[in-house]
Amino acid sequence: MLIVLRVHLPSDIPIVGCELTPYVLLRRPDNTVNTEDVPESAPIDRHFLRYKWYRIQSDKQVAVCSVHPSEQATLQCLGCIKAKIPVAKSYHCSPKCFSDAWQYHRTQHDRSASSANDNGNEEEEMFGRFNSGSSISSSLSVSASGTNLTNGSTALYPSVVTQRNGSETWFEVGCSKTYTPTADDIGHVLKFECVVVDVETKLPVGHVNTILTSRVIPAPSPSPRDLIPVSGVDVLGHLDSDGRISSSGTFTVLSYNILSDVYATSESYSYCPSWALSWPYRRQNLLREIVGYLADIVCLQEVQSDHFYEFFSPELEKHGYQALYKRKTNEVVYTGNPHTIDGCATFFRRERFTHVKKYEVEFNKAAQSLTDALVPSAQKKTALNRLVKDNVALIVVLEAKFSNQGPDNPGKRQLLCVANTQVNVHHELKDVKLWQVHTLLKGLEKIAASADIPMLVCGDFNSVPGSAPHALLAMGKVDPLHPDLVVDLLGILRPHNKLTHQLPLVSAYSSFARMGLGLEQHRRRMDPTTNEPLFTNCTRDFIGTLDYIFYTADSLTVESLLELLDEDNLRKDTALPSPEWSSDHIALLAEFRCKPRPRR
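Residues numbered from 1 in each chain as written. Predicted model: local features only at pLDDT ≥ 70, side-chain atom pairs only at ≥ 80, totals over all residues. Heavy atoms only, no water.

- Identification of the protein as poly(A)-specific ribonuclease from Tripterygium wilfordii is taken from an unreviewed UniProt entry.
- Check the Cofactor (unreviewed entry) section of the UniProt entry for the protein; it says "Mg(2+)".
- Recorded in UniProt under Subunit (unreviewed entry), the annotation for the protein is "Component of the CCR4-NOT complex, at least composed of CRR4 and CAF1 proteins." (UniProt positions renumbered as here; feature names shortened; annotations may be inferred.)

**Topic: the sheet that holds strand β3 (residues 33–34)**
Consideration 1: What the 3 strands build is an open sheet, ordered β1-β2-β3; its pairing is antiparallel. Of all strands in the sheet, those with a lone pairing partner are β1 (3–8) and β3, marking the two edges.
Consideration 2: Sheet topology note: the β1/strand β2 (residues 23–27) ladder contains 5 bridges and is antiparallel. If you follow valine 4 over to β2, its bridge partner there is leucine 26. (Pairing = 2+ DSSP bridges. Helix = DSSP H or I, 4+ residues; strand = E, 2+ residues; numbered from the N terminus.)

**Considering helix α7 (residues 305–317)**
Consideration 1: The sharpest bend along α7 comes to roughly 30°, located at phenylalanine 311, with the proline proline 314 sitting one to four residues further on.
Consideration 2: Three or more residues of α7 are buried, namely Ser305, Asp306, His307, Phe308, Phe311, Phe312, Glu315 and Leu316. (Bend = angle between axes of the 7 residues up to and from the residue. Buried < 20%, exposed > 50% of the residue type's maximum accessible area, 1.4 Å probe, protein only.)

**Describing the pairing of strand β27 (residues 556–562)**
Consideration 1: With 6 of 7 residues buried, β27 is to be regarded as a mostly interior element.
Consideration 2: Of the strand pairs in this sheet, strand β12 (residues 225–229) and β27 are connected by 3 bridges, and their pairing is antiparallel. Bridge pairing in β27 places leucine 227 opposite leucine 562.
Consideration 3: Summarising the sheet, β27 and strand β28 (residues 588–594) pair through 5 bridges and their orientation is antiparallel. Paired with leucine 561 across the two strands is alanine 590, which belongs to β28.

**Points about the pattern of salt bridges**
Consideration 1: The final tally for this structure, using the stated rule, is 21 salt bridges.
Consideration 2: Between lysine 318 and glutamate 315 there is a salt bridge whose closest N-O contact spans 3.1 Å.
Consideration 3: On the basis of relative accessible area, glutamate 315 is assigned to the buried category, the value being 12%.
Consideration 4: A network of salt bridges, in which partner residues are shared, links Lys326, Lys358, Glu360, Glu362 and Lys365. (Salt bridge = Lys/Arg side-chain N within 4 Å of Asp/Glu carboxyl O.)

**With respect to the nonpolar core**
Consideration 1: Core analysis: the biggest nonpolar cluster contains 65 residues, and Phe251, Ile297, Leu456 and Phe592 have the highest contact counts within it.
Consideration 2: Counting residues in each nonpolar core, the second largest holds 39 residues, with Ile395, Leu434, Met455 and Leu472 among its members. (Core = buried A, V, L, I, M, F, W, Y, C linked by side-chain atoms within 4.5 Å.)

**Thoughts on the environment of cysteine 93**
Consideration 1: Within the secondary structure layout, cysteine 93 lies in the loop between β6 (91–92) and α2 (95–100).
Consideration 2: With 26 residues separating them in the primary sequence, cysteine 93 and valine 67 have C-alpha atoms 8.0 Å apart.
Consideration 3: Contact partners of cysteine 93, with chain neighbours within four places excluded, come to Cys65, His68, Glu71, Gln72, Ala73 and Thr74. (Contact = heavy atoms within 4.5 Å.)

**Some points on a nonpolar patch on the surface**
Consideration 1: There is a patch of nonpolar side chains on the surface, built from Met1, Ile3, Leu5 and Val33 and spanning about 320 Å² of accessible area.
Consideration 2: One can find isoleucine 3 in strand β1.
Consideration 3: Residue isoleucine 3 is classed as partly exposed on the basis of its relative accessible area of 37%. (Patch = residues over 30% accessible without salt bridge, like charges linked within 9 Å, V, L, I, M, F, W, Y side chains within 5 Å. Areas by Shrake-Rupley, 256 points an atom, 1.4 Å probe, with all protein chains shown as cover.)

**Some thoughts on the environment of lysine 430**
Consideration 1: Tracing the chain through its elements places lysine 430 in helix α10 (residues 430–450).
Consideration 2: The exposure class of lysine 430 is partly exposed, given its relative accessible area of 33%.
Consideration 3: Lysine 430 sits 55 residues away from leucine 485 along the chain, and the two C-alpha atoms are 7.7 Å apart.
Consideration 4: Filtering out sequence-adjacent residues up to four positions away, lysine 430 remains in contact with Asp484 and Val487.

**Re the packing of aromatic side chains**
Consideration 1: Under the criterion given, the structure shown has 20 aromatic pairs.
Consideration 2: Summarising the aromatic geometry, the rings of tyrosine 54 and tryptophan 170 are spaced 6.3 Å apart at their centres and angled 45° between planes, so their arrangement reads as tilted. Note that tyrosine 54 is positioned in strand β4 (residues 47–57) and tryptophan 170 in strand β9 (residues 168–174), a separation of 116 residues in sequence.
Consideration 3: Owing to a relative accessible area of 7%, tyrosine 54 belongs among the buried residues under this scheme.
Consideration 4: Accessibility expressed as a relative area gives 11% for tryptophan 170, which makes it buried.
Consideration 5: Ring geometry for phenylalanine 308 and phenylalanine 347: centres 6.0 Å apart, planes at 45°, overall tilted. Of the two residues, phenylalanine 308 is situated in helix α7 and phenylalanine 347 in strand β16 (residues 342–349); the sequence distance between them amounts to 39 residues. There is no split in this pair, since phenylalanine 308 and phenylalanine 347 are both buried.
Consideration 6: Members of the aromatic cluster, joined through ring pairs, are Phe251, Phe353, Phe402, Tyr551 and Phe592. (Phe/Tyr/Trp six-rings, centres within 6.5 Å; stacked < 30°, edge-to-face > 60°.)

**Topic: the packing of α10 against helix α11 (residues 468–475)**
Consideration 1: Here α10 crosses α11 at 20°, and the two axes come no closer than 8 Å. If you check the angle between α10 and α11, you find them roughly parallel. Judged by the twist between their axes, the crossing of α10 over α11 is right-handed. Seen from α10, the contacting residues are Lys433, Leu434, Val437, His438 and Leu441; seen from α11, they are Ala468, Pro469, Leu472 and Leu473.
Consideration 2: Of the residues belonging to the contact of α10 with α11, the class tally is 7 nonpolar, 1 polar and 1 charged. (Axes fitted to C-alpha atoms, helices over the stretch in contact; angles between N-to-C directions. Parallel < 35°, antiparallel > 145°, perpendicular 65-115°, else oblique. Left-handed = near helix turned anticlockwise from the far one by under 90°. Nonpolar A, V, L, I, M, F, W, Y, C, P; charged D, E, K, R; others polar.)

Written as structure tokens, this is what we have:
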């Protein structure tokens, strides 16, 4: 007979919009034990499994803290109510909680007041938009973002009371194995039931297995990040029907290391609550953030193969994006499951670009060619062990469906080359890291030589400002006396005068440091020595800049930049990832304008 041996939930706290999938361990009639489902359509030995989800609605309504969502709220900010900020953000669990979060909280009040002056409303705040000051909200509602919340055939908001137990009322809210909590569930406990049912009688057989969850909490959302003009032009363009800036000839590019699930372990990020570190939660939070930026081109790093094909590609497809992907090679990182290998994913809006060509750079292949040409046979194994690190780059050539070339160049194609990479080489292998960056740039030089084309180089280079890889990218060369060049066991960096490239690359975020009046608060988030952000990666063990968007300054200009985070944005004593921000990196976004090319 079919027997349910064990039932439990992998996440300790249910979150609105994040699918709950119980772990159900079964013993089958042949005494085998597994977790495969047994639906009514495919019964075993005339039995199947039936599932029910209930919301336990007590007489006492419970609010949860907006800062510590696992805690019950004890006070409410009336200023939030007056400012028409979503009510879930007004609750705090203690006076200290409210006091610690006040700087962030006051910012919310100011933003709401500004939005109200611009005829904003609560719905716009909840669903994400560009406001008239070009603020990007990443608090897009999960239910509005296309997530399937059917929860079986049962209505999401049933009007019939299914069970009563003293002062508690139990509403049936789902009849499938999985359940996605809704806003109506906030503050309430959920109950999951699993029972073996006879096919003929439709009656339960044996024990009914149940689980009670913690109280459902709203998905914490980070505060919006503003898009800051750096071109000296206050009006960037009119807003289209989707709330996106549609100034002719401009486009936005997002670069973001989203933290692969295989690396997001409790050992590495013990300070992050387990529910906020779980992939079902993080994927929805990341999707809300990415979609909320409304970028025309999206470059993501550390995207697991299964997550790309099963989640990001289909979800972003719903928002008008076409997807391209390059998985890392697996000589080193192979763990027995190829789906857990991550890679680089590039998305672009079909309404703004068309795909022309795709190049895949495998640094392992380049390492093999290098050792075949330069390294004696006896040393090849040692050389390959040092050089082979599985890193890749994805290079995409796009054609814009817009143009600012003017009447002198009618019908002129506007091409764009976008490189997306992650150079996650160990910090001690400085020679390998620099060699990979140099290899990528040499490949881009070949593309530039074959076509008059603007270029963007995006990604996580695992290199701080001032390092040799950063110098090569930003300056086109590396000082022969640079300390990083001391490490070169294989002689792959010699002669030093060949560590150059001819691409006129400039870091997009250095525009903040070059601007004058009005940008003081943003310049304070920049390193005055390197003109780069103070950090793009923030954990308990490391705070610094590893991520960049470089562009060819002879063909592109920076119009605006997504504001950088500071201590106030992250809240005091907080590292990433956190309930609000679901990666240990922060997203970078820049708006560019194509420079008109001279007539030939």
